[in-house]
Amino acid sequence: MPHYPLPNPLTVMWDYTDKVLELFYNPKNQGAIENLCEPDIAVVTGDVGSISCGDALRLHLKIAIPTDTILDARFQTFGCTSAIASSSALTEMIKGLTLDQALKVTNKEIAEYLGGLPEAKMHCSVMGQEALEAAIFNYRGIEREAHDDDDEGALVCSCFGISESKIRRVVLENGLTTAEQVTNYVKAGGGCGSCLANIDDIIADVQREASAPVAASLKKAGIKITTDEVVTREQKPLSPVQKIALIQKVLDEEVRPVLIADGGDVELYDVEGDTVKVVLQGACGSCPSSTATLKIAIESRLQERISHNIVVQEV
Amino acid sequence: MSVIYLDNNATTKVDPQVVEAMVPYLSEYYGNPSSMHTFGGQVGKAVKQAREQVAALLGANESEIIFTSCGTEGNNAAIRAALLAQPDKKHIVTTQVEHPAVLNVCKQLETQGYTVTYLSVNRKGQLDLDELEASLTGNTALVTTMYANNETGTVFPIEQIGLRVKESGALFHVDAVQAVGKIPLNMQTSTVDMLTISGHKLHAPKGIGALYVRRGVRFRPLLIGGHQERGRRAGTENVPGIIALGKAAELELEHLEEATKREKKMRDRLEKTLLSTIPDCEVNGDPKNRLPNTTNIGFKYIEGEAILLLMNQHGICASSGSACTSGSLEPSHVLRAMGLPYTTLHGSIRFSLSRYTTDAEIDTVLQVMPTIVERLRALSPFNNDQADWLQNQQHAIAHR
């Protein structure tokens, strides 16, 4: 019988990157930091996870008090390959940063440092980011619980003890669109599954909020109108002055920033009833198709925000 | 690097004699066993012989054997058949530690008007026969349990269960996928009505299995079509697979006594030495009533996937019940049902031996495991039960 050799045994099972395996087999900065009570030096820890969840991380930071800088970072991790690699990666990334810089580190950056993580393992990178936050809050004397205990701190997933604020953060930072992704990132919904519908609602809500300041959606031109928004607008008829002010506001705050960023602009010329007259500058100068696309995009945005009878006219 | 394969409850090496027996049916003997001509007919005869070989391993009559595609099909077919045969009864009894091929069928039946009792298990993974007895009613159509657990090797007292099932008038199906070839079976003196086996767990290839159905038990097929398998499983026979399963059954019967003795001896040595050389680990399951080839050991304070990956560096193949290896975020439903503490549960490793396992392989495992465990424990923030972080954490709760 022919002999089939094994593939490289270091790369089988999960689809881990070489960087993940390298930091798992030879982790950097493992262990605790002993507090030697040196002057101007603080040693703090941040704990995340639990033994019941299957992974837990205790991050140790050595902080220079006068400069607010991380001098050393070490980790102790109970967990799988990617949990250990993510912890090790985090400690490498934050050494030398100020605490404010460190607080800006996202789970996405940890995953990117590792050359990516399998989707189902993204929660390992989230754990790293949370431990970092916990350690810094701990140092600054901020109650992490209090931070979570706002309106959105309600528990969504009781199997893994995940709050709404945590889900919101991960959805926003990673641009998640499905409940399955949320499960991969923070485990919520991965137990009994009874909260998956709630997670869908949270995602929809985050997406609605994110698209409110026009941002990227106008670029894609195909602006969608959500019916409930239109209904609420139409219940309160606007006076002509209010209407003009609102049109100006929407143009200034939601439309122009995007156009200017792309090299174009728009100026409000006049309003007659539902007809809005504007001066358009397309990104490609006077190219007719480009200004036509712009006109439609602005029109639908104004229709969505003010009244769906609005017509935009170029002058 | 050579492979040390201690994952035989997942699947087994195909015996070279089995390969030899099946290959002609992939090449020259390609006839259809149902054909009238001699060319097909000779294949039909070979299928009949394979059926006899399987029947011999089970202590059954060849007319009581239905060839299937796998263990999952056998379980599905048996459960459906039992319910169709007794349309007025709407209750099923099973256990919390079944294979998904039974558990998920039962869960689906709950949405189709059936009620299901999931019997609990104790810390050793054993059933409470009083709980079983109390669950049986005149409305119970079927009791379906495994013979031996795939994760822990815990063996259920099948005949004691069967006696109680018979008194209630229900049918009794047993998933014997892990037990066959490791425990002597004799259907002639058994209370079991239907019994599932799978080829690839006994050194035959994947894609073949068999279902034993006691003569006299009313059977309705899952697959409807031609007259194959006496109308109880339509579809042209997987002839090479059937021949392979027949040969594998013959070899199992031949090896059973001597091989299981050898495997048990090696398993016991592996287990004892691991427990004595590595602190803070324990055996999961019922040490007395257990498959001779299986040991499931919980290495406290560390996680299974990480252990497996370090074992993999030495070519050692095993399995874990940890969350990260289960394909979901929850650790093994079997170990949770047993109420194991999480300190043990996530670090559980299953070693399952076969007749190909050697003493030298066990030596290698014994040599590398202490270092692997020590290395991961050095990384872990929990390294003893007194670790402050562990004190306020909940321990295992059995829930489905």
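Up top is the structure these notes are about.
The following paragraphs examine the structure supplied in this document. The shown structure was predicted, so the numbers you read here are calculated from the model rather than taken from an experiment.

Reading guide: rules and limits
Once a new chain begins, its residue numbering starts again from 1 and follows that chain's sequence as written. Each chain is given a letter, starting from A, and each ligand a number, starting from 1, according to the order in which they appear as written. Only residues with pLDDT of at least 70 are given local features in this predicted model, and only at 80 or more are side-chain atom pairs given and counted; all residues enter the totals for whole chains, interfaces and linings. Numbering goes from the N terminus for both helices and strands, where a helix is a DSSP run of H or I of at least four residues and a strand is a run of E of at least two. The globule rule used here is 2.2 Å times the number of residues to the 0.38 power, and the radius of gyration it is set against is calculated over C-alpha atoms. Note on contacts: residues are paired as contacts if their backbone-placed C-beta atoms lie within 7 Å. Each residue gets one label: Ala, Val, Leu, Ile, Met, Phe, Trp, Tyr, Cys and Pro are nonpolar, Asp, Glu, Lys and Arg are charged, and the others, such as Gly, are polar. Throughout, an axis means a line fitted to C-alpha atoms (over the contacting stretch in the case of helices), and angles, computed between N-to-C directions, take values from 0 to 180 degrees. Each angle is binned into one of four classes, with values under 35 degrees roughly parallel, values over 145 roughly antiparallel, values of 65 to 115 roughly perpendicular, and all other values oblique. Less than a right angle of anticlockwise turn of the near helix away from the far helix marks a crossing as left-handed, whereas a clockwise turn marks it as right-handed. Labels follow a simple rule on C-beta atoms placed from the backbone: if 20 or more others lie within 10 Å of a residue's own, it is buried; if 12 or fewer, it is exposed; otherwise it is partly exposed.

**Concerning the overall build of chain B**
And step 1. Helices and strands together make up the secondary structure of chain B, namely 11 helices and 13 strands.
And step 2. Its C-alpha atoms give chain B a radius of gyration of 22 Å, within 12% of the compact-globule value 21 Å for 400 residues.
And step 3. Judged by the C-alpha coordinates and their principal axes, chain B covers about 75 × 50 × 35 Å.
And step 4. Expressed as a percentage of contacts within chain B between residues at least 6 apart in sequence, the contacts between residues at least 24 apart total 73%.

**Things to note about the interface of chain A and chain B**
And step 1. At the interface, 27 residues of chain A touch 29 residues of chain B.
And step 2. Those elements that provide at least two residues to the side of chain A that touches chain B are β1 (41-50), β2 (55-64), β3 (69-78) and α2 (81-94) of chain A.
And step 3. For the side of chain A that touches chain B, the residue count by class is 12 nonpolar, 11 polar and four charged.

**Quick look at the environment of Asp 274 of chain A**
Residues and elements named next belong to chain A.
And step 1. Relative to the elements of secondary structure, Asp 274 occurs in the loop between β6 (265-272) and β7 (275-281).
And step 2. Sequence separation between Asp 274 and Glu 130 is 144 residues; the distance between their C-alpha atoms is 50 Å.
And step 3. Setting aside residues up to four positions removed in sequence, Asp 274 forms contacts with Ser 307, Asn 309, Ile 310 and Val 311.

**Concerning the packing of α2 of chain A against helix α5 (residues 123-140) of chain A**
Residue and element names in this part refer to chain A.
And step 1. Viewed as axis vectors pointing N to C, α2 and α5 meet at an angle of 45°, and their least axial separation amounts to 8 Å. Taken together, the axes of α2 and α5 are oblique relative to one another. Viewed along their axes, α2 and α5 form a crossing whose handedness is right-handed. Of the residues in α5, those in contact with Ser 82, Ala 83, Ser 86, Ser 87, Leu 90 and Ile 94 of α2 are Cys 124, Ser 125, Met 127, Gly 128 and Leu 132.

**Here's the deal with unusual backbone geometry**
And step 1. Of note, Asp 40 of chain A is a non-glycine position whose phi angle comes to about 65°, a positive value.
And step 2. Here Asp 40 of chain A lies in the loop between α1 (18-25) and β1.
And step 3. Assessed through the 9 C-beta atoms surrounding it within 10 Å, Asp 40 of chain A is described here as exposed.
And step 4. The backbone phi angle of Glu 229 of chain B is positive, close to 50°, even though this residue is not glycine.
And step 5. In this structure, Glu 229 of chain B sits in the loop between β8 (209-213) and α7 (239-277).

**A short note on the environment of His 333 of chain B**
Residues and elements named next belong to chain B.
And step 1. By the secondary structure assignment, His 333 is in helix α9 (residues 333-337).
And step 2. Looking at His 333, the number of C-beta atoms within 10 Å reads 20, which means it is buried.
And step 3. In the structure, His 333 is positioned 83 residues away from Glu 250 in sequence and 34 Å away in space, judged by C-alpha atoms.

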